[in-house]
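# Coordinates in review
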Amino acid sequence: MSTKVSDHVLQRLREWGVETVFGYPGDGINGLLAAWGRAEDRPRFIQSRHEEMSAFQAVGYAKFSGRLGVCAATSGPGAIHLLNGLYDAKLDHVPVLAIVGQTHRTAMGGSYQQEVDLHTLFKDVASDFVETVTVPEQLPNVLDRAIRTAYARRSPTAVIIPGDVQELEYSAPTHDFKMVPSSLDRSAWTAVPSQDSIERAAEILNAGDKVAILVGQGAAGAREEVHRIAQLLGAGVAKALLGKDVLSDELPYVTGSIGLLGTRASYELMRDCDTLLTIGSSFPYSQFLPEFGKARAVQIDIDPHMVGMRYPYEVNLVGDAKETLQRLIPRLESDRGREWYETVCDNVKHWREVMERRAQLDADPINPEYVARALDPLLPDNAIVTSDSGSTANWYARHVTMRGDMRGSLSGTLATMGCGVPYAIGAKFAHPDRPVVALVGDGAMQMNGLAELITAAKYADRWEDRRLVVGVWNNHDLNQVTWEMRAMEGAPSFLPSQELPDVQYAAFARSLGLTGVRVEKPEDVEAGWRAGLEADGPAVIEFLTDPAVPPIPPHATWEQMEATAASILKGDTDRGSMIRQGFKAKVQEFLPHRDKK
């Protein structure tokens, strides 16, 4: 039997070690779908409810496996739907390949049904590599380059295959003029900085008395080295959200997340340090870094295009974090005082006490911080945690303690809503033997999560550990934007845009044959989480939470929060009056550093 182009696409993916493709069918990829049938579903085709979810699942798979995520979609609307998930991959530097159908070559340029200029569509999101296969001999080189580029640049790439090309008999490129042969091997490689730059970086770090370290996802493979350099320098370590699982939060010098969703201890670390070492992070908010001119700084990043940004670094070390730190550590001096280190540890201890107090405060009906706090000690040490964007990201950042082999991620730079549940599904296919927990707000759940529960129900039998727990913070409000309006715009909540309809999330889960628990009282929160973690299959645990609990930024002052309270007092709706009632006292209770200068 002859091999078609579509058959060779799947064969080449298998040769690259691709085991899973997340997609949605359509006639633009009918040739590929038929090939999947002939290949007995190798690699596995995982059907989402929407192409955007396929892209998110590919991103989640890539983030938690360290391998290429692959998604597939039909021409026209299917290709368009991939964009948001692919932009998430682009901005978070994740290797993802999109395989997309296109109308037949004979119809191109004829305003044919579902004909979209896919090169123009993808030229930004897949700017590192996007190409259309027009003849069979072109295929191996295009597909191989797309995969190599995705890995090397840690970016999304796209291969477009018209429907009629998928059906052509495959023939390999020949040893002829204007043919481009290809090969499969992708040997490991490591970038390291020059010896001179290592020496200059060591000089700066050795001169510092109050060293702060900021780690991002680029430091994930250098856990031991980051721990060692922090000990040598007597430094505190703050974590960008994408680097939350780089180090255990149980270490006394780890100050936790940084930025608007960060901790007071991280804010103090950056405010008071005299030296900054950034490892594998492009954290964008420079106002949370030391004041310009106050601290000397060194950066380590594997991507030369990402160095020198965010802060006036004196030395930019371009190289792999692990290899670079291994070369840097022997040149560091350890004979420095302990006062700074002890101050950092005291600040961390104090912050954790404040977070514990905040989680125990009364709210109506349930304190959203308590929901995350109650989950924290119940998480298995091998759990994978995903968070959606919104106010739940605050509670993920501040209350979930990374420890053991736990992993965690969210949409970092794009900060898109709707990724939490599809990320979790991607994580389950990357690690079918590990429990996964998704933390999701009701807005994100209504946007994407409900439909993807169908996907979770469909594939749960394929997972060795069937636990996929979706925790939903149900407060009938697009809460993060509501608070941003109050804090940044000085305006009360605009209810027509912010108020959400009440949806029975747990009941919907039960209608799919999943576990569904609705928690309406604080005393039932822990039992709700336990029910989800003990379930033999996917579960939705829905918590009715108070929208009036403020996600106060770590640098907030009481004066700023009074201004926020004043903005709410402008509102006169019934629901607004409920939130306003006793608001000033509530903000004062929740202000994280009310007892500190």
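Residues numbered from 1 in each chain as written. Predicted model: local features only at pLDDT ≥ 70, side-chain atom pairs only at ≥ 80, totals over all residues. Heavy atoms only, no water.

Residues in a regular strand project their side chains so that they alternate between the two faces of the sheet. For strand E10 (residues 275-279), the tally of buried residues reaches five of five residues, placing the bulk of the element in the interior. Side chains Thr275, Leu277 and Ile279 project from E10 onto one buried face, and the interleaved Leu276 and Thr278 project onto a second face that is buried too. Pairing of strand E7 (residues 211-215) with E10 involves five bridges; the strand directions are parallel. Bridge pairing in E10 links Ile213 to Leu277. Strand direction decides the pairing type here: E10 and strand E11 (residues 296-301), joined by five bridges, are parallel. Directly across from Thr278, in E11, lies its bridge partner Gln299. (Buried < 20%, exposed > 50% of the residue type's maximum accessible area, 1.4 Å probe, protein only. Helix = DSSP H or I, 4+ residues; strand = E, 2+ residues; numbered from the N terminus. Pairing = 2+ DSSP bridges.)

It is worth spelling out the layout of surface pockets at this point. What the second largest pocket holds in volume is close to 280 Å³. Taken together, 17 residues form the lining of the second largest pocket, with His93, Asp128, Arg153, Asp303 and His305 sitting closest to its centre. (1 Å grid on protein atoms, 1.4 Å probe; cavity = no way out; pocket = protein on both sides within 12 Å on 5 of 7 lines; lining within 4 Å. Points joined across faces, edges and corners; volume = space filled by probe spheres on them.)

On to the sheet that holds E11, then. Reading across the sheet, the six strands line up as E9-E8-E7-E10-E11-E12 and stay open at both edges, with parallel pairing between neighbours. In this open sheet, the two strands that pair with only one neighbour each are strand E9 (254-257) and strand E12 (315-318). With direction set aside, neighbouring strand axes in the sheet form an average angle of 15°. Across three bridges, the pairing between strand E8 (residues 236-239) and E9 is parallel. Looking across to E9, one finds that Lys239 is bridged to Ser257. In the packing of helix H9 (residues 195-207) onto the sheet, contacts are made with E7, E10, E11 and E12, and the angle to E12 comes to roughly 130°. Those strands touched by helix H11 (residues 264-272) are E7, E8, E9 and E10, and its axis lies near 125° from that of E7. (Axes fitted to C-alpha atoms, helices over the stretch in contact; angles between N-to-C directions. Contact = heavy atoms within 4.5 Å.)

What follows concerns the pattern of salt bridges. If the charged atoms of two oppositely charged side chains come close together, the side chains can form a pair. On inspection of all chains with the given rule, the structure shows 30 salt bridges. The partner of Arg154 in a salt bridge is Asp303, with the nearest N and O atoms 4.0 Å apart. Of the two residues, Arg154 sits in the loop between helix H7 (139-153) and strand E6 (156-162) while Asp303 sits in the loop between E11 and E12, which places them 149 residues apart along the sequence. The salt bridge involving Asp502 is made with Arg518; its shortest N-O contact spans 4.0 Å. Residue Asp502 is located in the loop between helix H19 (495-498) and helix H20 (505-511), and its partner Arg518 is located in strand E17 (residues 515-519); the two are separated by 16 residues in the primary sequence. The class of Asp502 is partly exposed, set by a relative accessible area of 40%. Three or more residues are tied together by salt bridges with common partners; here these are Asp502, Arg518, Glu520 and Glu542. (Salt bridge = Lys/Arg side-chain N within 4 Å of Asp/Glu carboxyl O.)

With respect to topology, six strands assemble into an open sheet ordered E2-E1-E3-E4-E6-E5, the strand pairing being parallel. Whereas interior strands pair on both sides, the edge strands pair on one side only; in this sheet they are strand E2 (44-47) and strand E5 (130-132). Averaged over all pairs of adjacent strands, the angle between their axes in this sheet comes to 25°, without regard to strand direction. In the sheet, strand E1 (residues 20-23) pairs with strand E3 (residues 69-73) via two bridges, with the strands oriented parallel.

Residues Phe122, Met445 and Val470 are the most contacted members of the largest nonpolar core, which totals 55 residues. Top element by residues in this core is helix H3 (residues 51-65). It accounts for eight residues. Contacts of Met445, omitting those with residues within four sequence positions, involve Val421, Val440, Leu450, Leu453, Val470, Val472 and Tyr505. Ranked by size, the runner-up nonpolar core spans 34 residues in total, among them Ile198, Leu247, Leu328 and Ile329. (Core = buried A, V, L, I, M, F, W, Y, C linked by side-chain atoms within 4.5 Å.)

Relative to the helices and strands, His93 resides in the loop between helix H5 (83-91) and strand E4 (96-102). The class of His93 is partly exposed, set by a relative accessible area of 23%. Considering only alpha carbons, one finds His93 and Val125, 32 residues apart in sequence, at a separation of 11 Å. If sequence neighbours within four positions are ignored, His93 has contacts with Arg154, Gln217 and Met306.

With that settled, the discussion passes to empty space enclosed by the protein. Take a probe with the size of a water molecule and roll it over the atoms, and the empty space left behind shows itself. All told, the structure shown has two cavities of 30 Å³ or more when counted by the stated rule. A volume near 40 Å³ is recorded for the largest cavity. Together, Leu214, Thr278, Ser281, Ser282, Phe283, Leu289, Gln299, Arg310 and Tyr313 line the largest cavity. Here the lining of the largest cavity is built from residues that sort into four nonpolar, four polar and one charged. (Nonpolar A, V, L, I, M, F, W, Y, C, P; charged D, E, K, R; others polar.)

Before going further, it helps to examine the pairing of strand E13 (residues 384-387). Across the two faces of E13 the burial is the same, with Ile384 and Thr386 and Val385 and Ser387 all buried. Note: E13 against strand E14 (residues 407-409), three bridges, orientation parallel. Note on E14: the bridge partner recorded for Thr386 is Ser409. At this point the chain moves from E13, through helix H15 (residues 391-399), to the parallel E14, and the crossover so formed is right-handed. Where E13 lies against strand E15 (residues 436-441), four bridges are found, and the strand directions are parallel. Directly across from Ile384, in E15, lies its bridge partner Val436. (Right-handed = clockwise from strand over helix to strand, strands pointing away.)

Here the structure, examined in full by the defined rule, presents 14 aromatic pairs. Ring centres of Trp529 and Phe543 lie 4.9 Å apart, and the angle between their planes is 40°; this geometry places the pair in the tilted category. Separated by 14 residues along the polypeptide, Trp529 in helix H21 (residues 525-534) and Phe543 in strand E18 (residues 539-544) bring together distant segments of the chain. When sorted by exposure, Trp529 lands in the same class as Phe543, which is buried. Among the aromatic residues, ring-to-ring pairing joins Phe22, Tyr61, Phe429, Tyr459 and Trp463 into one connected group. A cation over an aromatic ring shows up here: Lys244 above the ring of Tyr396, its NZ or CZ 5.4 Å from the ring centre. (Phe/Tyr/Trp six-rings, centres within 6.5 Å; stacked < 30°, edge-to-face > 60°. Lys NZ or Arg CZ within 6 Å of the ring centre and 35° of its normal.)

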